[in-house]
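Coordinate analysis (summary)
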Amino acid sequence: MKHILQAGQARLADLRAVRDGAALELAEGWGIDVAAGLETLRHALASGEPLYGVNTGFGKLASTRIHEGELAKLQLNLLRSHAAGTGENLPRPVVRLALALKAMSLARGASGVRPEIIETLLALLAHDMLPDVPAQGSVGASGDLAPLAHLSLVLIGEGSATDASGVRRDGAAALLASDRLPVVLGPKEGLALLNGTQVSTALALDALFRAEDLLRASLLTGAMSVDAARGSDTPFDPRIHALRGQPGQIRIAAALRGLLAGSAIRESHRHGDVRVQDPYCLRCQPQVAGACLDLMEQAALTLEREANAVTDNPLLVEGGELLSGGNFHAEPVAFAADTLALAIAEIGAIAERRIALLTDPALSGLPAFLVQAGGLNSGFMIAQVTAAALASENKSLAHPRSVDSLPTSANQEDHVSMATGAGLRLRPMLDNLQGILAIELLAAAQGLEFHRPLTSSAPVETAHAALREHVAPWDEDRLMAPDIAAARKLLAGQRLGALVPLA
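Residues numbered from 1 in each chain as written. Predicted model: local features only at pLDDT ≥ 70, side-chain atom pairs only at ≥ 80, totals over all residues. Heavy atoms only, no water.

Some details on the pattern of salt bridges
The tally for this structure, following the rule as stated, stands at 31 salt bridges. Close ionic contact of arginine 96 with aspartate 128 constitutes a salt bridge, the shortest N to O distance being 2.9 Å. Residue arginine 96 is located in helix H4 (residues 92-106), and its partner aspartate 128 is located in the loop between helix H5 (115-126) and strand S4 (130-131); the two are separated by 32 residues in the primary sequence. When its relative accessible area of 6% is taken as the criterion, arginine 96 is described as buried. (Salt bridge = Lys/Arg side-chain N within 4 Å of Asp/Glu carboxyl O. Helix = DSSP H or I, 4+ residues; strand = E, 2+ residues; numbered from the N terminus. Buried < 20%, exposed > 50% of the residue type's maximum accessible area, 1.4 Å probe, protein only.)

Next comes the structure, spelled out in structure tokens:
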């Protein structure tokens with residue numbers, strides 16, 4: 001399905017679709033704004049005034065004037081010298097987003113580039129011919145310079161790109177396969193390509209979309225754990241949450257009520273249960289997951305704005321002026337990524353506590369470590385240890401990156417956002433969270449086995465049946481790692497998330 005986006009007005013749902021492989025087309029009329037910006041740039045150049053990065057050097061070298069005959073070489077040198085990234089390449093979904101965001105930003109006409117620059121970015125995206133972009137090398141100010149330089153090298157026929165089948169080509173061959181020829185950069189075009197927050201924003205958006213999916217999964221595994229532990233649904237009563245008024249908490253409580261509605265396991269102990277209250281990991285799910293949901297939605301608002309922003313420098317504005325500013329400083333993105341990190345860590349932390357509860361007979365009333373003949377069998381003993389290790393790792397990774405700054409460019413760029421690092425660390429955190437939830441899914445499903453023939457709710461039983469298509473009940477010890485891998489694979493799809501009634 002093709003998504004037609006108006007530059008500056010893209011919605012998160014459209015960006016998620018583009019990340020996942022949907023075709024992108026810019027709405028008609030974008031060329032008018034681009035042509036107007038280009039004409040403004042030409043007038044500014046003709047004035048002979050110093051224009052940062054157009055007829056001057058960059059950063060600390062901004063006071064150095066460049067001769068008119070060397071302006072094209074200036075932009076070419078910029079791309080080559082700034083392609084100083086290192087580390088593993090960015091994942092393909094992130095590069096797809098970065099290409100889309102850069103094209104949309106340039107299409108707003110404030111950057112002074114020719115239409116063929118934008119068309120070439122869109123052609124690479126359309127052919128899924130994605131530049132190879134080393135992940136490390138940006139501090140999130142003056143834009144994501146190094147990664148965007150690697151991304152942009154392909155436009156001039158340099159660097160390399162990899163197609164969907166994993167075949168890597170040099171830049172010129174990648175363009176040919178995308179029905180394009182290398183571009184010769186005009187004044188400011190190299191700078192416009194390199195300045196901007198598109199890589200850090202793409203990293204944060206990719207993480208946001210995964211975090212949204214895993215939050216839904218955590219509600220399903222959390223509801224399953226409630227029934228496995230014969231917990232109460234009273235803490236999810238809407239009257240409790242209305243008195244507090246936190247919107248995320250109210251929505252999460254409603255989702256948990258929907259997930260547990262009609263459970264025969266719940267009805268079996270509704271009356272006469274000697275327990276007065278459940279531990280917090282069951283009882284306070286709306287409060288914890290609801291707070292996470294609120295944080296994620298605030299991050300989503302910030303990232304949607306940033307995805308539609310123009311963040312290079314200098315910028316062509318109304319009145320025909322070329323103004324130097326600092327939209328490339330990615331502080332909003334850094335804060336959004338740090339916020340997501342807190343939510344990811346907390347979703348995993350409370351899920352790990354539910355796993356610990358289920359494996360502790362004193363709290364759950366279930367056989368120790370969820371297996372009969374304990375002693376001979378260790379059951380889920382070390383699976384809980386694995387979950388604890390993952391949760392602990394996420395606590396360390398959740399430390400904010402936005403509060404860290406190291407001056408660069410001979411102190412010209414003396415405060416930076418570290419937004420790219422803030423975004424990069426979210427992917428391993430999400431991998432850890434997925435592992436924790438996979439273990440909870442296995443443990444909670446095993447807990448339900450001890451209550452048969454009683455059944456849980458329809459959504460929980462559907463999730464249980466989906467898991468049992470790949471993982472048998474734990475009757476005696478066997479290799480645990482393949483079961484965790486199978487549960488992770490199930491959580492990575494959309495099948496379980498579709499069961500969660502999160503409005």
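Notes on the packing of helix H15 (residues 331-359) against helix H17 (residues 381-397)
At a minimum axis separation of 9 Å, H15 and H17 run at an interaxial angle of 160°. Viewed along their axes, H15 and H17 adopt a mutual orientation that is roughly antiparallel. Considering only the axes of H15 and H17, their crossing is left-handed. Facing H15, whose interface residues are Ile344, Ala345, Gly348, Glu352, Arg353, Ile355, Ala356 and Thr359, H17 presents Gln384, Ala387, Ala388, Ala391 and Asn394. (Axes fitted to C-alpha atoms, helices over the stretch in contact; angles between N-to-C directions. Parallel < 35°, antiparallel > 145°, perpendicular 65-115°, else oblique. Left-handed = near helix turned anticlockwise from the far one by under 90°. Contact = heavy atoms within 4.5 Å.)

What to know about helix H3 (residues 71-82)
With 12 residues, H3 ought to run about 16 Å at 1.5 Å a step, and its terminal C-alpha atoms sit 17 Å apart, in line with that. Turning to H3, its buried residues number three or more, namely Leu71, Leu74, Gln75, Leu78 and Leu79. The arc that holds every buried residue of H3, seen down its axis, measures 130°, which confines them to one face. The elements touched by buried residues of H3 are helix H2 (30-46), helix H6 (145-153) and helix H8 (189-194). (Expected span 1.5 Å × (residues − 1). Arc of directions from axis to C-beta.)

Points about unusual backbone geometry
Put simply, asparagine 313 and proline 314 share a cis peptide bond, and its omega is -5°. Relative to the helices and strands, proline 314 is located in the loop between helix H14 (285-307) and strand S8 (315-317). Between arginine 452 and proline 453 the backbone carries a cis peptide bond, its omega angle lying at 15°. Within the chain, lysine 188 stands out as a residue other than glycine whose phi angle is a positive 75°. Take lysine 188: it is sitting in the loop between helix H7 (171-177) and H8. The phi dihedral of leucine 370 is positive, around 65°, even though this residue is not glycine.

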